[in-house]
Amino acid sequence: MRSGAAAGHAGYFHETALYASDEELLGVVVPFLRGGQEAGEPTLAVLAPGTAALARDGLGDTDGVTFVGGEAAYANPAQTIADYRARFAALVARGATQIRVVGDVPHPGTGADWHAWARYEAAINHAYADFPLWGLCPYDVRITPDDVLDDVLRTHPHIASACGAHRPNAAFEDPRDFLAARPLAPVDPLERRDPDLEQVDPTPAAARRAIEALARRVLSQARLDDLLLAVSEIVANAGLHGRAPVVLRARRGADRVVVSVADAGPGPADPFAGLLAQPVGARPHGAGMGLWIAHLLCTDVALRREAHGFTVRLTMAAG
Amino acid sequence: MARRPFSALCAYDRAQLDTDTLTGLACVHPLAHGLRAPFQLFADDPGLALRGEVDLAGAQLFAKALQHAVGPLDGAEVVVDVHELTFIDVRGLATLARQAHSQAGVLVLRGARAVVGRAVDLLGLTALRVEVRP
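So, a few notes on the structure that sits alongside this text. What you see is a predicted model; the values in this text were computed from it and never measured.

Cut-offs applied
- Within each chain, residues carry numbers counting from 1 in the order of the written sequence.
- Starting at A for chains and at 1 for ligands, labels are handed out in the order in which the entities are written.
- Reporting in this predicted model follows two pLDDT cut-offs: at least 70 for local features of residues, and 80 or more for side-chain atom pairs to be given and counted; totals over whole chains, interfaces and linings ignore these cut-offs and use all residues.
- For helices the rule is a DSSP run of H or I covering at least 4 residues; for strands it is a run of E covering at least 2, with both sets numbered from the N terminus onward.
- Neighbour counting defines burial: a residue surrounded by 20 or more other C-beta atoms within 10 Å of its own C-beta is buried, one with 12 or fewer is exposed, and intermediate counts give partly exposed, using backbone-placed C-beta atoms.
- Throughout, a pair of residues is in contact if the C-beta atoms placed from their backbones lie within 7 Å.
- For the radius of gyration, the atom set is restricted to C-alpha positions; the globular benchmark scales as 2.2 Å times the number of residues to the power 0.38.
- The convention used is that axes are lines fitted to C-alpha atoms, helices contributing only their stretch in contact, and that angles between N-to-C directions extend from 0 to 180 degrees.
- For any helix crossing, the convention is left-handed if the near helix is rotated counterclockwise from the far helix by under a right angle, and right-handed if that rotation is clockwise.
- Amino acids are sorted into nonpolar (Ala, Val, Leu, Ile, Met, Phe, Trp, Tyr, Cys and Pro), charged (Asp, Glu, Lys and Arg) and polar (every other residue, Gly among them).
- A pair of strands is considered paired only if DSSP assigns at least 2 bridges between the two.
- For the purposes of this analysis, a nonpolar core is taken to be any set of buried Ala, Val, Leu, Ile, Met, Phe, Trp, Tyr and Cys residues that are connected through C-beta atoms within 7 Å.
- Throughout the structure description, domain borders are defined by an automatic or database domain assignment.

### A few points about the overall build of chain B
Part 1 of the argument: Along chain B, the regular secondary structure elements total four helices and six strands.
Part 2 of the argument: Put simply, chain B runs from its N terminus to its C terminus through helices and strands in the order α-β-β-α-β-β-α-β-α-β.
Part 3 of the argument: Counting every position in chain B, which comprises 134 residues, the buried fraction comes to 39%.
Part 4 of the argument: A sequence separation of at least 24 residues applies to 59% of the contacts in chain B between residues at least 6 apart.

Here you go:
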């Protein structure tokens, strides 16, 4: 049996709450956490330090609520999905009938790029659909940009408000449509200048050698190895699944390396490609895993679907 | 033979053999003169050694060489020395895992780069155990 607003719902009950004051935040979050305590449901508060402190104060007795550092939990969308899925599977295996998670998803108001987290918010409607999960994503309208709020409303099928109401959200879009029409990731300033390196139809080995020569002065050996695996997978994918010509470009900045791989095809048919793992056994030779691995290994991955083709942009920060 | 002070020279007439066959021969010899293969896989105390680069270009060759090199394991572990492996892609790792799994054993990738350990973990390839080089 599931308790609270998600009672009777099958699968993922994905809800947002837009708040404009600490009181409004607590008006949603405290009953959410307390309901989990009372029902004995696994209840996670995956919050940034500020909201975590507010929630602890508002709750008083935190027994039965697991607080997890939000900044570490939301560092990389593909990793976040993999970690949550493993956690949810373990909780369900131990008999959980509902899992509650309130999470602070990063956005420019908290210092993060949004494009990857917009894809995350859409994709998790699919990625967590097989779990009895009630997920609450509060957004502080005082610091959240308008275009982000617009995406939040398009990616959450339910809305909670501080007065205690829970209602379906008419602005919710099918995540497949949202992801297909997703606006472009912001252009990195490095991309505005001529590339330091450009190759047409490179083999994966040629691409690795060129990127290694360019990037080794900026990146540690470990990050360079991570980037080379990502580049090799993306170039191989473009050759196997894309349409020629495949164009590799790279730019080196003082603190990062930005690599783009463009082909003339439409990009992967699966709108969730890259964010969700597929079991290796599901497809021969691990095909489909390359884009996902790239998401996990790189600092940022942006996908661009445009009329003239598909581009994967990989960014690796120095360090 | 890998445990004995033994040298062998295998000579092939390249006029009699096609390129694929020659590459297949080159990849299973630690030293090959006049032949190029992207990787070499050969017996080496205490198990196997894998050198060079494993990627899309040598994927089929790698799967074939591995089938010849790794027979039934019956629950045993076989060490694959990868100190001189400069690159292996996701497909290559999956190929290693599949061969270990199909022979009911575990391949221990000894002396791997950190990225190999990370990729094997992420991919959940339980038929591989990675010993990352210090």
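Read on for the rest.
### Comments concerning the overall build of chain A
Part 1 of the argument: Helix and strand counts for chain A stand at 10 helices and 12 strands.
Part 2 of the argument: The C-alpha radius of gyration computed for chain A amounts to 21 Å, which stays within 12% of the reference 20 Å derived for 319 residues, consistent with globular compactness.
Part 3 of the argument: Principal-axis analysis of the C-alpha atoms places the extent of chain A at approximately 60 × 40 × 35 Å.
Part 4 of the argument: By the burial criterion, 46% of the 319 residues in chain A qualify as buried.

### Concerning the packing of helix H8 (residues 204-215) of chain A against helix H9 (residues 221-241) of chain A
Residues and elements named next belong to chain A.
Part 1 of the argument: The contact between H8 and H9 brings their axes to 9 Å, and the two run at 145 degrees. Between H8 and H9 lies a crossing whose hand is right-handed. Where H8 abuts H9, its residues Pro204, Ala207, Arg208, Ile211, Glu212 and Ala215 lie against Leu224, Leu227, Leu228, Val231, Ser232, Val235 and Ala236.
Part 2 of the argument: The residue makeup of the contact of H8 with H9, split by class, is 10 nonpolar, one polar and two charged.

### With respect to the sheet that holds strand S2 (residues 43-47) of chain A
Residues and elements named next belong to chain A.
Part 1 of the argument: Taken together, seven strands build an open sheet; the order of strands is S3-S2-S4-S5-S1-S6-S7 and the sheet is mixed. In this open sheet, the two edge strands, each paired with only one partner strand, are strand S3 (65-69) and strand S7 (166-168). In this sheet, adjacent strand axes meet at a mean angle of 25 degrees when their direction is disregarded.
Part 2 of the argument: Bridging between strand S1 (residues 13-19) and strand S6 (residues 158-160) involves two bridges; their strand directions are parallel. Looking at the pairing, Glu15 lines up with His158 of S6.
Part 3 of the argument: Packed onto the sheet, helix H2 (residues 49-59) meets S2 and S3 and runs at close to 140 degrees relative to S2.

### Section: the interface of chain A and chain B
Part 1 of the argument: Between chain A and chain B, the residue contacts involve 19 residues of the former and 18 residues of the latter.
Part 2 of the argument: Within the residue set of the side of chain A that touches chain B, elements represented by two or more residues are H8, H9 and helix H10 (290-297) of chain A.
Part 3 of the argument: When residues of the side of chain A that touches chain B are assigned to their parent elements, the largest contribution, eight residues, is made by H9 of chain A.

### Observations concerning the nonpolar core
Part 1 of the argument: Counting residues in each nonpolar core, the largest one holds 126 residues, and the members touching the most others are Leu227, Ala230, Val231, Ile293 and Leu314 of chain A together with Leu93 and Leu128 of chain B.
Part 2 of the argument: Top contributing element to this core by residue count: H9 of chain A, with nine residues.
Part 3 of the argument: Composition of this core by domain shows at least three residues from each of domain 1 (4-180) and domain 2 (190-317) of chain A.
Part 4 of the argument: When sequence neighbours within four positions are dropped, the list of residues in contact with Ala230 of chain A reads Ile293, Ala294, Leu297, Cys298 and Leu314 of chain A.

### Observations regarding the environment of Thr23 of chain B
Part 1 of the argument: Summarising the element assignment, Thr23 of chain B is placed in helix H1 (residues 19-26).
Part 2 of the argument: If sequence neighbours within four positions are ignored, Thr23 of chain B has contacts with Ala37 and Leu61 of chain B.

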